[in-house]
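# Residue-level structural notes
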Amino acid sequence: MVSRFFPRSFHRLASRATLAGAALLSPLALPSDASAETITFKDPKGDDNGPGTYVYPSNAAYKPGSFDLTDVTIESAGSEITVSATLAAPIEDPWGSKGWEGNGFSVQMLFVFIDTDGKAGSGHKGGAPGLNVKFAEDSRWEKCLLISPQGSRRLQTEIDSKAKSMAKDLVIPKRVRVQGRKLVATYDAAAIGAPAKGWGFQVLVQSNEGFPGKSDLLTRPINEIKGEHRFGGGHDFNCDPHVIDMLAGGAVGDGSEKEAQHKALKAYSCNDDDENGGKQAEIGMVRR
Ligand SMILES: [Ca+2]
Ligand SMILES: [Ca+2]
Ligand SMILES: [Ca+2]
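Everything numeric here is computed off the predicted structure, so don't read it as measured data.

## Regarding the nonpolar core
Counting 59 residues, the largest nonpolar core has Ala-85, Leu-110, Phe-111, Val-112, Ile-147, Phe-201 and Val-203 as its most contacted members. Ranked by the residues each element gives to this core, the list is headed by strand 4 (residues 108-115), at six residues. Filtering out sequence-adjacent residues up to four positions away, Phe-201 remains in contact with Phe-41, Ile-74, Val-112, Ile-114, Met-285 and Val-286.

Okay, here's the thing in structure tokens:
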């Protein structure tokens, strides 16, 4: 099967080499079918602190490691795309999600932003409402896949009331399941497109807030001082990025990616006279 992650010319070259019986390309350089449809990113442990200063809320539901991303895979198979995101702690359901049409977990919420065209200036600049980040010009996004414990109906209601301008590009999963430390969300490929070489990805880790503020898409605020259900170490206004963990650098899980994340998320400024003033951090995509 021809991989869609390698240009056609690569395959032509490879088959010519084979025909000529020349060992121009080692067989090891050829992509295997098993990996052809899967994109993998890794993230270091211990950077679930946003720009380096954020701390978890004090309630026991927010167990250490619950927002610490370690692995993400995006797998395309037939008419579906499945995102698996692994965190550093077992995923639990302390708030009984089945009682609110939920998906078997409670505290996490992830956003998988995708830049499908790689064109500077093309796509959405702002993150989803409540994240308080913007995307760099070369990383504007076309699609955002939601991973939330909330059921489809609640997600759609929140999107319709708070994110009208990007509603068609916020993709709700067909199904979500929990597998140990992993959240597995499956989407209709028709709503996203076929993953291609050069697509940019960014995964932002947040916490599901069932009683969100009027401009928060089910995200939990980060304040200066932590509270029972509020992260601490940020700012009480909307200038600080409401992001606990994200992909950074080469997204191979190297320790240096912690500093890259901290640097990116620290690049914001606040206006102490204006709740919505200041300048939000601009973040980028990672590519394979
Ligand atoms: Ca991490
Ligand atoms: Ca774009
Ligand atoms: Ca990170």
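## Notes on the environment of Gln-261
Relative to the elements of secondary structure, Gln-261 occurs in helix 4 (residues 256-266). We classify Gln-261 as buried; it has 24 C-beta atoms within 10 Å. Residues Gln-261 and Asn-49, 212 residues apart in the sequence, show an inter-C-alpha distance of 9.6 Å. Non-local contacts of Gln-261, meaning those with residues more than four positions away in its chain, are made with Asp-47, Met-246 and Ala-248.

## A look at the pairing of strand 9 (residues 182-188)
Pairing between strand 3 (residues 80-87) and strand 9: seven bridges, direction antiparallel. Along strand 9, the bridge assignment pairs Ala-85 with Leu-183. As paired elements, strand 8 (residues 175-179) and strand 9 share five bridges and run antiparallel to each other. What sits directly across from Val-176, in strand 9, is Ala-185. What sits between the antiparallel neighbours strand 8 and strand 9 is a turn of two residues, in which Gly-180 has the positive phi angle 70°.

## Structural notes on the sheet that holds strand 3
In sheet architecture, strand pairing relies on hydrogen bonds along the backbone and comes in two forms, parallel and antiparallel. Within the open sheet, the five strands sit side by side as 1-2-3-9-8. Their pairing is antiparallel. The sheet is open, and its two borders are formed by strand 1 (38-42) and strand 8, each paired with just one other strand. Strand-to-strand twist of the sheet, defined as the mean angle between neighbouring strand axes without regard to direction, takes the value 15°. Alignment of strand 2 (residues 69-77) against strand 3, held across eight bridges, turns out to be antiparallel. Pairing of Val-72 across the sheet is with Ala-85, part of strand 3.

## Observations concerning unusual backbone geometry
A positive phi angle, near 65°, is found at Leu-218, a position not held by glycine. Looking at where Leu-218 falls in the secondary structure, it is placed in the loop between strand 10 (200-207) and strand 11 (245-246). One non-glycine residue, Ala-251, adopts positive backbone phi at about 50°. Examined against the element boundaries, Ala-251 turns out to sit in the loop between strand 11 and helix 4. Exposure remark for Ala-251: the 23 C-beta atoms within 10 Å place this residue in the buried category.

## Examining the environment of Gly-123
Counting through the fold element by element, Gly-123 comes out in the loop between strand 4 and strand 5 (133-135). Considered as a pair, Gly-123 and Ser-139 are 16 residues apart in the sequence and their alpha carbons are 8.2 Å apart. Every residue in contact with Gly-123, bar those within four places of it in the chain, is listed here: Asp-115, Asp-117, Arg-140, Trp-141 and Glu-142.

## As for the environment of Gly-284
Among the structural elements, Gly-284 can be located in the loop between strand 12 (281-283) and strand 13 (286-287). Through-space distance from the C-alpha of Gly-284 to that of Lys-134 is 8.9 Å; in sequence the pair is 150 residues apart. Not counting the four nearest positions on each side in its chain, Gly-284 is found in contact with Ala-136 and Ser-139.

## Let's talk about the confidence of the model for the protein chain
Per-residue pLDDT for the protein chain has a mean of 91; in total, 88% of the residues score no lower than 70. Highest mean pLDDT in the protein chain belongs to strand 11 (99); lowest belongs to helix 2 (residues 33-36) (42). Confidence drops under pLDDT 50 across residues 1-36; counting only partners more than four residues distant or on other chains, this segment forms 19 contacts.

Quick notes on the rules
Residues numbered from 1 in each chain as written. Chains lettered and ligands numbered in written order. Predicted model: local features only at pLDDT ≥ 70, side-chain atom pairs only at ≥ 80, totals over all residues. Core = buried A, V, L, I, M, F, W, Y, C linked by C-beta atoms within 7 Å. Buried ≥ 20, exposed ≤ 12 C-beta atoms within 10 Å, placed from the backbone. Helix = DSSP H or I, 4+ residues; strand = E, 2+ residues; numbered from the N terminus. Contact = placed C-beta atoms within 7 Å. Pairing = 2+ DSSP bridges. Axes fitted to C-alpha atoms, helices over the stretch in contact; angles between N-to-C directions. pLDDT = per-residue confidence, 0-100.

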